[in-house]
Amino acid sequence: MTGTRALRVLLCAAVLGLLLAIGLIVEAVGGLVATTVYAACALAVLVVAVARGRRLLAPPALPPGRTCQCCTTSQHDPVKVI
């Protein structure tokens, strides 16, 4: 898990660096208004990407009736008295 986490962190750092570099280019070419529009668009894309990433990486929900993952029975199965 540590290797994948490190790759995720490196990917996020690379994407943020790329967005910053593009933002500096937009600022040099377009001025303050273009930079503000670019920053708003980039922030919106980042918010959507983070939300989608968290949804994709979240553990799957347990099926109805299952209270744990340690056994194959559910709370609705009949009980055998020995």
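The rules behind each value
- Residues numbered from 1 in each chain as written.
- Predicted model: local features only at pLDDT ≥ 70, side-chain atom pairs only at ≥ 80, totals over all residues.
- Heavy atoms only, no water.
- Helix = DSSP H or I, 4+ residues; strand = E, 2+ residues; numbered from the N terminus.
- Buried < 20%, exposed > 50% of the residue type's maximum accessible area, 1.4 Å probe, protein only.
- Areas by Shrake-Rupley, 256 points an atom, 1.4 Å probe, with all protein chains shown as cover.
- Polar contact = N/O pair within 3.5 Å; in protein donor to acceptor, adjacent residues only side chain to side chain.
- Contact = heavy atoms within 4.5 Å.

1. Description of the overall build of the protein
Point 1. Helix and strand content of the protein: one helix and zero strands.
Point 2. Across the 82 residues that make up the protein, the buried fraction comes to 5%.
Point 3. Carbon and sulfur atoms form 74% of the exposed surface of the protein, whose accessible area is close to 7200 Å².

2. Overview of the side chain of Thr35
Point 1. Mapped onto the elements, Thr35 comes out in helix α1 (residues 2-57).
Point 2. A distance of 2.7 Å separates a polar atom in the side chain of Thr35 from the backbone oxygen of Gly31.
Point 3. Here Thr35 is in contact with Val26 and Glu27, once residues within four sequence places are set aside.

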